[in-house]
Amino acid sequence: MLKHQLLLIALSLALSSNVYKAQSTVWLDQLDLSVATQGNGKPGINTSVDGKPLTIANEVFKRGFGTHAESSLLIKLNGKVKKFSALVGLDDEMKGQNPAAEFEIYGDNKKLWSSGIMKLGDKAKPVSISLEGIKQLELVVTDGGNGPYYDHADWADAKFETSDGAKLITFNPIASEPYILTPKPAPAPKINSAGVFGARPGSPFLFRIPATGDRPITFSAKNLPKGLTLDSQTGIITGKVDTEGTYEVVLNAKNTKGSASKKLKIKIGDRIALTPTMGWNSWNCFGHEVSADKVKRASDALIKSGLVNHGWNYINVDDSWQFNRDGKDPSFKGKMRDEDGYILTNSKFPDMKNLADYIHGNGLKMGIYSSPGPWTCGGCAGSYGYEKQDAESYAKWGIDYIKYDWCSYGGVIDGLPDNDPNKVSSLAFNGGGDLDKGVKPFKLMGNLLKQQPRDIVYNLCQYGMGDVWKWGDDVDAQSWRTTNDITDTWASVKNIALAQDKASAFAKPGNWNDPDMLVVGIVGWGNPHQSRLKPDEQYLHISLWSIFSAPLLIGCDLEKLDDFTLNLLTNDEVIAVNQDVLGKQGVCLQTIGELKIYVKDLEDGAKAVVFANFGREKVKMSYRDFKALGISGNQIVRDIWRQKDILKLNTVKGNLVLDIPAHGVAFYKFISK
Ligand code: GAL
């Protein structure tokens, strides 16, 4: 009996000491936080996202994870992790702004806890939850419903209580190995132009025939309208056509390996940009560091890289070619305008006409940027009060495209305060949704552009306010941004992509919804880095922008293109979906969990379909709901990225096996046979 009791006592002592010993704390900051995905910046280890001490409502914390919405950190647990606790809140470093965010915790994909919407200045909110039985934990910060701007979010004092043998591993489930799908172009010629090109009567005409194949190629054309000539060596068509009408031209290209031809409808009339604009813009790449020299080099690189052979043909200068009030660089300073109110360039752009001539000499077109307010978003001279002079300057220089912003117009929407532009903030966004006052400045510039003796494609950049897609055509614009600025994160691309359907019915030849520029390759707004999108996310981004009939503006350094990025930008079948003459925008016709299926009708009667997996799990299924996509009868299914027919499908009896990586796509064309 005694022996028994002693044994029990010994056993319980051993157990309790075991428990005691096994109870330990693992701090979140001891794990690898670099795998977190977040809206901006780098994960802060014991610091805020800006690298400062973690501070919530004046309380400073020594330990924790400083991040930026939208943010996600995944952690594998092995059943020996008992509890998670933290104090969460918005970091004080964004004082003066209005961030809002919600902290959420998921265990095995079920929501375990949420902070509710938190604002700057809210006291740190405690959380303490049991993790018994949970295998995968996710710490999420959402944008709180008002966009991810300034959402610097802290998981302070975040820690786990564990027992012996506990393992915690952070991970990112999205594959990171780049892989190339686009086949290399053949040595024989192939003409890759869209099927239609529009110009106004009497306007200077410039069209470079995009064609792949070994050089030299000799170009020719049948039925070119009167007034146009083709340079047989370069394939550049110039001149002007005075008579309205549709001209059915046949383009030819020949080299030692063979020849090719393609029909091109030249439509001389009122409407231009009959297919979405394709080209390059300086902003996502250089930001304020742009210069005429860099732009010239981008124009050369567009040719050298071969991108021009796939239809890329605009070289657009964004902000910072003008006087810059907010920038420190002395080359931004000087006079803003001459005595007659004509805008002057800053010293990084010594001669705009010369730059445009250079770009035109390459057979390319040139774009520029301004704002209807007195200041652009970057604090440069805007067009307010000088719209007429600016439109005339653009025409005189030879500009073919203008991106017209909103920044600072909010500050003058009811007139210039004290007649002093310096009293207007560069970032005054208010009023853009007003269907009278918010439309007025765009109408004004639209009228002026149309009076110029050249075609200037007009892009509105007011982020979709007042449902711009409903009135953009009335102010003679050809495209308009539908959403806020893109950045090279998954949250940004996903949120922008999911916001496009609402405007889709308004897309048509000469009118395009613009979900913002591409974030592949080396981007960085002046701080160059490889796009933070994973390869599958980049395939999704390009596939969706293609099916959305979005203007395609490359935002990366064209002198540093890697094979993977080139593969994304030179797939002629992907581009053909975007440039299709019918001009429809693909829309989501079916949602299955996190899988969204977008369908676009094409001119040849076929349908382009993007199966986009927005979820973090691979999608593996046998798909047969073709009716939901408006597809019936016998079909050939073609894999657009691989440029290969993959299946003969009977839509009644057959099925399509989908195997789509997390954040990835399958991009197919369904052709009736
Ligand atoms: C933003 C615009 C950006 C870029 C920037 C320049 O409003 O959305 O794409 O043009 O202004 O300051």
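Bear in mind the structure is a predicted one, so any value in this text is a computation, not a measurement. (Residues numbered from 1 in each chain as written. Predicted model: local features only at pLDDT ≥ 70, side-chain atom pairs only at ≥ 80, totals over all residues. Heavy atoms only, no water.)

1. Let's talk about the sheet that holds strand S38 (residues 644-650)
- Spatially, six strands are ordered S33-S34-S35-S40-S37-S38 in an open sheet, and the strand pairing comes out antiparallel. Of all the strands in the sheet, just strand S33 (587-592) and S38 have a single pairing partner and so form its edges. Across the sheet, the mean angle from the axis of one strand to that of its neighbour is 25 degrees, orientation sign disregarded.
- Direction of pairing for S33 relative to strand S34 (residues 595-601): antiparallel, over a ladder of five bridges. Directly across from Val587, in S34, lies its bridge partner Val599.
- Contacts from helix H8 (residues 535-547) reach S34, strand S35 (607-613) and strand S40 (665-672), with the element oriented near 145 degrees to S35. (Pairing = 2+ DSSP bridges. Helix = DSSP H or I, 4+ residues; strand = E, 2+ residues; numbered from the N terminus. Axes fitted to C-alpha atoms, helices over the stretch in contact; angles between N-to-C directions. Contact = heavy atoms within 4.5 Å.)

2. Brief notes about the packing of helix H3 (residues 292-304) against helix H4 (residues 352-361)
- H4 packs onto H3 with a crossing angle of 10 degrees between their chain directions and a minimal axis gap of 10 Å. One element, H3, and the other, H4, form an angle in the roughly parallel class. Each of Ala292, Val295, Lys296, Ser299 and Asp300 in H3 lies in contact with H4, whose residues at this interface are Asn354, Leu355, Tyr358 and Ile359.
- Residues that form the contact of H3 with H4 fall into these classes: five nonpolar, two polar and two charged. (Parallel < 35°, antiparallel > 145°, perpendicular 65-115°, else oblique. Nonpolar A, V, L, I, M, F, W, Y, C, P; charged D, E, K, R; others polar.)

3. Quick word on the packing of aromatic side chains
- Evaluation of the coordinates by the stated rule reveals 26 aromatic pairs.
- Between the aromatic rings of Trp490 and Phe614, the centroid separation amounts to 6.0 Å while the plane-to-plane angle is 35 degrees, which identifies the pairing as tilted. Note that Trp490 is positioned in helix H7 (residues 490-498) and Phe614 in the loop between S35 and strand S36 (619-623), a separation of 124 residues in sequence.
- Trp490 gets classed as buried once you look at its relative accessible area, which sits at 12%. (Phe/Tyr/Trp six-rings, centres within 6.5 Å; stacked < 30°, edge-to-face > 60°. Buried < 20%, exposed > 50% of the residue type's maximum accessible area, 1.4 Å probe, protein only.)

4. Focus on the pairing of S35
- Within S35, seven of the seven residues are buried, which leaves the element mostly enclosed by the surrounding structure.
- Pairing between S34 and S35: seven bridges, direction antiparallel. If you follow Val599 over to S35, its bridge partner there is Val609.
- Examined bridge by bridge, S35 and S40 share six bridges and lie antiparallel to one another. Its bridge partner being in S40, Lys607 is matched across the sheet by Phe670.

5. Considerations on the nonpolar core
- Core analysis: the biggest nonpolar cluster contains 101 residues, and Trp312, Tyr394, Leu544, Trp545 and Leu569 have the highest contact counts within it.
- The dominant element in this core, judged by the number of residues it contributes, is H8, at six residues.
- Taken domain by domain, the makeup of this core includes at least three residues from each of domain 3 (317-481) and domain 4 (587-672).
- Not counting the four nearest positions on each side in its chain, Tyr394 is found in contact with Trp321, Ile368, Ser370, Ser383, Ile399, Ile402, Met445, Leu449 and Ile456.
- Leu73, Ala101, Ile105 and Trp155 belong to the second-largest nonpolar core, a separate cluster that totals 32 residues. (Core = buried A, V, L, I, M, F, W, Y, C linked by side-chain atoms within 4.5 Å. Domains from an automatic or database assignment.)

6. Section: the sheet that holds strand S9 (residues 110-119)
- Taken in spatial order, the five strands of this open sheet run S9-S8-S11-S6-S13, and their pairing is antiparallel. The sheet terminates laterally at S9 and strand S13 (168-171), the two strands that pair on one side only. For this sheet the average axis-to-axis angle between neighbouring strands, irrespective of direction, equals 15 degrees.
- The pairing of strand S8 (residues 100-107) with S9 spans seven bridges and is antiparallel. Across the sheet, residue Glu102 finds its bridge partner in S9, namely Ile117.

7. Structural notes on the environment of Gln452
- Positionally, Gln452 belongs in the loop between helix H6 (440-450) and strand S27 (457-460).
- With a relative accessible area of 13%, Gln452 lands in the buried category.
- Sequence spacing of Gln452 and Phe349 is 103 residues, and the spatial spacing of their C-alpha atoms is 23 Å.
- Here the side chain of Gln452 touches Leu448 through a polar contact of 2.9 Å, landing on its backbone oxygen. (Polar contact = N/O pair within 3.5 Å; in protein donor to acceptor, adjacent residues only side chain to side chain.)

8. Side note on the packing of H7 against H8
- For the pair H7 and H8, interaxial distance at closest approach is 11 Å and the crossing angle is 25 degrees. Relative to H8, the element H7 lies roughly parallel. Read as a crossing pair, H7 and H8 show a hand that is left-handed. Contacts between H7 and H8 involve Trp490, Val493, Ile496 and Ala497 from the former and Glu537, Leu540, His541, Leu544 and Trp545 from the latter.
- When the residues that make up the contact of H7 with H8 are grouped by side-chain class, the tally is seven nonpolar, one polar and one charged. (Left-handed = near helix turned anticlockwise from the far one by under 90°.)

9. Brief notes about the site of the ligand
- Not every one of the 13 residues close to the ligand is listed here, only the nearest: Asp318, Asp319, Lys403, Asp405 and Asp485.
- Taking Gly378, its main chain carries an N or O atom lying 3.4 Å from an oxygen atom of the ligand.
- Broken down by class, the residue content of the shell around the ligand amounts to six nonpolar, one polar and six charged. (Near = heavy atom within 4 Å.)

10. Re the domain arrangement of the chain
- By the assigned domains, the chain splits into domain 1 (23-173), domain 2 (190-268), domain 3 (317-481) and domain 4 (587-672).
- Domain 3 and domain 4 are separated by 41 Å when their C-alpha centres are compared.

11. What to know about the pattern of salt bridges
- Enumeration over the complete set of coordinates arrives at 34 salt bridges.
- Among the ionic pairs, Arg337 bridges to Asp390, the shortest N-O distance being 2.9 Å. Placement of Arg337 in the loop between strand S24 (314-316) and H4 and of Asp390 in helix H5 (residues 387-397) is noted, with a sequence separation of 53 residues between them. No difference in accessibility class separates Arg337 from Asp390, as the two residues are buried.
- Across the pair Lys669 and Asp604 runs a salt bridge, and its minimum N-O distance is 3.1 Å. With Lys669 in strand S40 and Asp604 in the loop between S34 and S35, this pair connects stretches of sequence that are 65 residues apart.
- Residue Asp604 is classed as exposed on the basis of its relative accessible area of 52%.
- Each of Arg200, Asp270, Lys450 and Asp476 takes part in a single network of salt bridges with overlapping partners. (Salt bridge = Lys/Arg side-chain N within 4 Å of Asp/Glu carboxyl O.)

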